[in-house]
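Examination of the molecular architecture
Okay, here's what each chain looks like letter by letter:
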Amino acid sequence: MFNFTYSNPTRIHFGEQQIAKIAKEIPQSARVLVTYGGGSIKSNGIYQQVEQALSNHTWFEFSGIEPNPSLETLAHAIELVNKEGIDYILAVGGGSVIDGSKFIAAGAHFDGEPWDILAKQAKVTSAIDLGVVLTLPATGSESNSFAVVSKKATNEKLAFGSEHVHPKFAVLDPSVINSLPQKQVTNGIVDAFVHVMEQYLTYPVDAKIQDRFAEGILLTLMADGIKLINDRSDEKARANVMWSATQALNGLIGAGVPQDWATHGIGHQITALYGLDHAQTLAIVLPRMMSVMRAEKQAKLLQYGERVLAITAEQFNGDIDKTIDAIIDKTEQFFASVEMKTRFSQYQLGEDVIEPIIAQLTQLKMTKMGENQTVTLDKVKAILTASL
Ligand code: NZQ
Ligand code: ZN
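Quantities reported herein were computed from a predicted structural model and do not represent experimental measurements. (Residues numbered from 1 in each chain as written. Chains lettered and ligands numbered in written order. Predicted model: local features only at pLDDT ≥ 70, side-chain atom pairs only at ≥ 80, totals over all residues. Heavy atoms only, no water.)

1. Points about the sheet that holds strand β1 (residues 11-14)
One open sheet accounts for six strands, arranged β1-β8-β5-β4-β2-β3; its pairing is parallel. Edge positions in the sheet fall to β1 and β3 (58-62), since each of these pairs with one other strand and no more. In this sheet, neighbouring strand axes are inclined to one another by 20° on average, regardless of whether the strands run parallel or antiparallel. The pairing of strand β5 (residues 129-134) with strand β8 (residues 169-172) spans four bridges and is classified as parallel. Note that in β8 the partner of G131 across the bridge is F169. Its contacts with the sheet put helix α9 (residues 235-248) on β1, β5 and β8, and the angle it makes with β1 is roughly 170°. (Pairing = 2+ DSSP bridges. Helix = DSSP H or I, 4+ residues; strand = E, 2+ residues; numbered from the N terminus. Axes fitted to C-alpha atoms, helices over the stretch in contact; angles between N-to-C directions. Contact = heavy atoms within 4.5 Å.)

2. Considerations on the domain arrangement of the chain
Its domain assignment divides the chain into domain 1 (11-175) and domain 2 (182-386). Summarising the inter-unit geometry, the C-alpha centres of domain 1 and domain 2 are found 27 Å apart. Each partner contributes residues to the interface: domain 1 has 22 residues there, and domain 2 has 21 residues. Both sides together, the interface formed by domain 1 and domain 2 hides about 1900 Å², and carbon and sulfur atoms give 63% of it. Linking domain 1 with domain 2 are one salt bridge. Notably, a salt bridge pairs R238 with E16, separated by 3.3 Å at the nearest N-O pair. Where domain 1 packs against domain 2, one counts four residue pairs in polar contact (both at pLDDT 80 or more). Elements with a minimum of two residues in the side of domain 1 that touches domain 2: β1 and β7 (156-161). In terms of residues, the side of domain 1 that touches domain 2 owes the most to one element, β7, which gives three residues. Grouping the constituent residues of the side of domain 1 that touches domain 2 by class yields 10 nonpolar, seven polar and five charged. (Domains from an automatic or database assignment. Buried area = accessible area lost by both parts, 1.4 Å probe. Salt bridge = Lys/Arg side-chain N within 4 Å of Asp/Glu carboxyl O. Polar contact = N/O pair within 3.5 Å; in protein donor to acceptor, adjacent residues only side chain to side chain. Nonpolar A, V, L, I, M, F, W, Y, C, P; charged D, E, K, R; others polar.)

So, in structure tokens, the structure goes:
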């Protein structure tokens, strides 16, 4: 195991009817900005619960943060924050609203052009305090320090991370899942699954706790993810999927282990160029990433196969390639069972996507990705070609 420093300062309020807790989490004297997306929170009653909880606070609101939040939209929120002297942001939404709010929180304190935080990885030295009411289990953004923001003008989708934007608290009420469109439930399960894979499917460093914990999250997402897709009223599945998604990317399983993130690196370009949802891109790339990088990832692929999928080399008379093929097939079958597509052609996209994605990665200098920096552009091309 590598050396690591681990801290996760987000206080979690998990369970139904917990939204009222925000009243005590946010200081009475704060000037609060409630940020949200396209309005789903108004039709499912979450807005009304927030309104009730903040009835003794001074608060403003900023709506319209879109999926894959854009600089163009968030710049207006930064103006509002500065104009109204906001000193606490409450993000009520999924990953897009939370990420957008992290950018607003950092951007409002940033001395310079806020986009430099992403484009130049300029250091964030302070940010407005942030709290979260999560409405979509998927990204883990509710208790991590990362955010992904897009610049529409240039088709860029970039990430930044800073401890200063780590949420102070997050409310995780699994009943919010009730109003989600089925597609978003699918997206959430797959995104969380791939987050685990990016931190697990590398090479062994004898990190037994991280491995076992990662395998536990994968097993839970597979079992309860399918249950949830088939029956939204399954309260146990709702709770287990929501907690899995948070645990998948809150730093714990990634502490002290090598990490990959090449699937995400490629996936972000697919979203930026072709507008596919974040998780849809991951489900296209991951199976071929597993296949093309099978030699380097062999030990962990086999460990995943045995412990998570009950597939072993013995079942294939010791033929490692056939075993890995079966492991990849079963992973794709899982995606299909939660109603996720895994090919470009299923989105009416063909081989003309390959060059623009490669060009975009080249421009962003993402030419050596993965845990060993061996996911080169040749490999990316092979992965994309096999994913058509
Ligand atoms: O805008 P509203 O009206 O809220 O509707 C949203 C949106 O249309 C809807 N929704 C959310 N909660 C709902 C609901 N509809 C009904 N009932 C509810 N309870 O769902 C749609 C999608 O929301 P979005 O926030 O975009 O989804 P998600 O949580 O999957 O976030 C995706 C974004 O997070 C980034 C992705 O790249 C993408 O931009 N990621 C952030 C990460 C992080 N910060 O650590 C890591 C991830 O890998 C990912 O990159
Ligand atoms: Zn993701």
